[in-house]
Amino acid sequence: MMATGGGGGGGCEGSQAIEDAVKILLDSLGEDVNREGLRKTPFRVAKALREGTRGYRLKVKDIVQDALFPEAGLDNMVGHAGGSGGLVVVRDLDLFSYCESCLLPFQVKCHVGYVPSGLKVLGLSKVSRVADVFAKRLQDPQRLANEVCSALQHGIKPEGVAVILQCLHLRFPNPDPVIQDCIHGTNIKVIVSSGSGVFNNKKAGVWEDFLSLLRFCGISIERPCNEDATDQCWCPSKCTQSSLTSGTGAESPKMIAAVTSIIRSLGENPSRKELLETPKHFLKWLMAFRSSNLDLNLNGHVYVRMECGQPNGTANHHEAKIQSELNLSVWSQCEHHLLPFYGVVHLGYISDKKVSSKVVSLLQSIVHYHGFKLQVQERLTRQIAETVTSLLGSDVIVVVEANHTCMISRGIEKFGSSTATIALLGRFSTEPALRSKFLETIPKMTIS
């Protein structure tokens, strides 16, 4: 791992190299880099990546050196009353990092415990800042835990430090709408830990004290993975059965060179063994969002109205029968930051006819087609509504609920927040009672 700074990662020069690389990637996706919506994308991507990897340009000692405070009641693990004292636990720190294997962002819940020594305690806000120094780099969970633990041990010299990370990484979606993944279980979850000093022994009583203080606040910690297990089960790009397949030209030398340039400009060494395959892994994801052919995906049935089969939800309003198809999964790529957003689509329409499973498959194909490209959620919602009218008639309501990694990674949204958009056509645009009746059928907590 590189220290701070790094060749090619400085200021405007590094940002310009990222912008140039993003233009190459957009062009390779078949996009017009000068169209409205994409003109500022290279700048936005460079800004987000530089901000998201600012840890390479920060030093832990600058954070810690003026934040150690004397506490006379603590010395050599002995408190005022002569008993064991000093365990400090900071819980539920929200962090965001970038996976070194595929460059996709992942979420982290960080819990830190340490036993002070030498009459010194660390300002609590500094624990979060030290953890963020290492999170804001290309990482994997175990190394992140080890680096945070080591930095705190060397920075404040306590009796020992314990770090537990609960990490969530996006799965790779299946681009085939026929076997589209259900949105539930979207994330791969892993728990890792690291300890130093009195926490070196995982069976020591101080570890149980640490875990008990986490459970006290409702934080359930399962047994953490060891390093080997984490490496095997973490990033989906390493899985031999990953659902995404490389598109034509996905590994072209020009695109590989562009991603390599981005990694170097962030302050990393592209030749580090953990990063050698990263450009290919990232392109495997990115090329799945290249524009596809709607007529081909829908097998020519776009303008054929189908019937038969039972819908998964109905609601009567006077003489109008509201049919619904709920929780169709959607994956897309934010065209402003080239980061994924994912969620569910709810469709409502007025019809006396029952909907067949074949129509449901076509609806998922429509969602898939509009999702698997560079998008914004507002446009995605409108496009789905306009397209499904060919199957469902002119009275349509579409609700899209999605999590945006571009917003969470930049600190704009908190973990667990989501964005909802709505498109209204026909009677749903003019009759509030119809809209309310449909919206009542949407289940709560439909995305995670």
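Within an unreviewed UniProt entry, the label attached to the chain reads GTP cyclohydrolase 1, and the organism entered is Kalanchoe fedtschenkoi. Under the UniProt heading Pathway (unreviewed entry), the entry covering the chain gives this text: "Cofactor biosynthesis; 7,8-dihydroneopterin triphosphate biosynthesis; 7,8-dihydroneopterin triphosphate from GTP: step 1/1."

Participant: I'd like a description of the overall build of the chain, backed by residues and values.
Facilitator: Along its length, the chain carries 14 helices and 13 strands. With 448 residues in all, the chain has 53% of them scored as buried. Intrachain contacts of the chain at a sequence separation of at least 6 include 75% that bridge at least 24 residues.

Participant: Describe the side chain of Thr-405, with residues and values.
Facilitator: On the secondary structure map, Thr-405 appears in helix α13 (residues 405-409). There is a polar contact of 2.6 Å between the side chain of Thr-405 and the backbone oxygen of Pro-340. Apart from residues lying up to four places away in sequence, Thr-405 is in contact with Phe-96, Pro-105, Leu-170, Leu-339, Pro-340 and Tyr-342.

Participant: For the nonpolar core, give the residues involved together with the corresponding values.
Facilitator: Grouped together as the largest cluster of nonpolar side chains are 54 residues, with contacts concentrated most on Leu-25, Val-345 and Val-398. In terms of domain composition, this core takes at least three residues from each of domain 1 (12-224 + 252-287) and domain 2 (294-301 + 320-440). Every residue in contact with Val-398, bar those within four places of it in the chain, is listed here: Val-345, His-346, Leu-347, Thr-381, Ile-384, Ala-385, Thr-421, Ile-422 and Ala-423. Ile-63, Ala-131, Ile-156 and Val-161 belong to the second largest nonpolar core, which has 46 residues in total.

Participant: Before we move on, can you summarise unusual backbone geometry with the specific residues and values?
Facilitator: Phi is positive for Leu-103, close to 70 degrees, though the residue is something other than glycine. Residue placement: Leu-103 occurs in the loop between β2 (88-99) and β3 (105-115). A relative accessible area of 11% means that Leu-103 is categorised as buried.

Participant: Tell me about the environment of Leu-25, residues and numbers included.
Facilitator: Along the chain, Leu-25 falls in helix α1 (residues 11-28). Exposure remark for Leu-25: the relative accessible area of 1% places this residue in the buried category. Each C-alpha atom, one on Leu-25 and one on Pro-42, is 9.7 Å from the other, the two residues being 17 residues apart in sequence. Setting aside chain neighbours within four positions, we find Leu-25 in contact with Met-255, Ala-258, Val-259, Ile-262, Phe-282, Leu-283 and Leu-286.

Participant: I'd like a description of the pairing of strand β7 (residues 187-197), backed by residues and values.
Facilitator: Extensive coverage of β7 is indicated by the burial of eight of its eleven residues. Of the pairings in the sheet, the one linking strand β6 (residues 160-170) to β7 comprises eleven bridges and is antiparallel in character. Considered in β7, the bridge of Ile-164 is made with Ser-193.

Participant: Report on the packing of aromatic side chains, specifying residues and quantitative values.
Facilitator: The tally for this structure, following the rule as stated, stands at nine aromatic pairs. Taking 6.4 Å as the distance between ring centres and 75 degrees as the angle between the ring planes, the aromatic pair formed by Trp-285 and Trp-331 counts as edge-to-face. Note that Trp-285 is positioned in helix α9 (residues 278-286) and Trp-331 in strand β9 (residues 320-334), a separation of 46 residues in sequence. A relative accessible area of 3% means that Trp-331 is categorised as buried. Feature note: the residues Phe-172, Trp-285, Phe-289, Trp-331, Tyr-342 and Phe-372 constitute an aromatic cluster, connected by ring pairs. Residue placement shows Lys-373 over the ring face of Tyr-369; its charged tip is 3.7 Å from the ring centre.

Participant: Any details on the sheet that holds strand β5 (residues 138-139)? Residues and values, ideally.
Facilitator: Strand order in this open sheet of five strands is β5-β2-β3-β6-β7, and the pairing throughout is mixed. Across the chains shown, the open sheet's two edge strands, defined by having one partner strand only, are β5 and β7. In the sheet, β2 pairs with β3 via nine bridges, with the strands oriented antiparallel. What sits directly across from Ser-97, in β3, is Phe-106. Sitting on the sheet, helix α4 (residues 124-135) touches β2, β3 and β5, and the angle it makes with β2 is about 20 degrees.

Participant: Quick rundown of the packing of α4 against helix α5 (residues 141-156)? Include the residues and the values.
Facilitator: The geometry of a pair of packed helices is captured by two quantities: the angle between their axes and the separation between those axes. α5 packs onto α4 with a crossing angle of 135 degrees between their chain directions and a minimal axis gap of 9 Å. As the angle between them shows, α4 and α5 are arranged oblique. As for the relative orientation of α4 and α5, their crossing is right-handed in sense. Contacts between α4 and α5 pair Val-130, Ala-131, Phe-134 and Ala-135 from the former with Leu-144, Glu-147, Val-148, Ala-151 and Leu-152 from the latter. Taken together, the residues of the contact of α4 with α5 break down into eight nonpolar, no polar and one charged.

Participant: Give me the lowdown on empty space enclosed by the protein, citing residues and values where you can.
Facilitator: Summed over all chains, the structure comprises five cavities of 30 Å³ or more. Elements with a contribution of two residues or more to the lining of the largest cavity: α1 and α2 (41-52). The greatest single-element share of the lining of the largest cavity, amounting to three residues, is contributed by α2. Residue composition of the lining of the largest cavity, grouped by class: 13 nonpolar, one polar and no charged. Taken domain by domain, the makeup of the lining of the largest cavity includes at least three residues from each of domain 1 (12-224 + 252-287) and domain 2 (294-301 + 320-440).

Definitions and limits used
- Residues numbered from 1 in each chain as written.
- Predicted model: local features only at pLDDT ≥ 70, side-chain atom pairs only at ≥ 80, totals over all residues.
- Heavy atoms only, no water.
- UniProt positions renumbered as here; feature names shortened; annotations may be inferred.
- Helix = DSSP H or I, 4+ residues; strand = E, 2+ residues; numbered from the N terminus.
- Buried < 20%, exposed > 50% of the residue type's maximum accessible area, 1.4 Å probe, protein only.
- Contact = heavy atoms within 4.5 Å.
- Polar contact = N/O pair within 3.5 Å; in protein donor to acceptor, adjacent residues only side chain to side chain.
- Core = buried A, V, L, I, M, F, W, Y, C linked by side-chain atoms within 4.5 Å.
- Domains from an automatic or database assignment.
- Pairing = 2+ DSSP bridges.
- Phe/Tyr/Trp six-rings, centres within 6.5 Å; stacked < 30°, edge-to-face > 60°.
- Lys NZ or Arg CZ within 6 Å of the ring centre and 35° of its normal.
- Axes fitted to C-alpha atoms, helices over the stretch in contact; angles between N-to-C directions.
- Parallel < 35°, antiparallel > 145°, perpendicular 65-115°, else oblique.
- Left-handed = near helix turned anticlockwise from the far one by under 90°.
- Nonpolar A, V, L, I, M, F, W, Y, C, P; charged D, E, K, R; others polar.
- 1 Å grid on protein atoms, 1.4 Å probe; cavity = no way out; pocket = protein on both sides within 12 Å on 5 of 7 lines; lining within 4 Å.
- Points joined across faces, edges and corners; volume = space filled by probe spheres on them.

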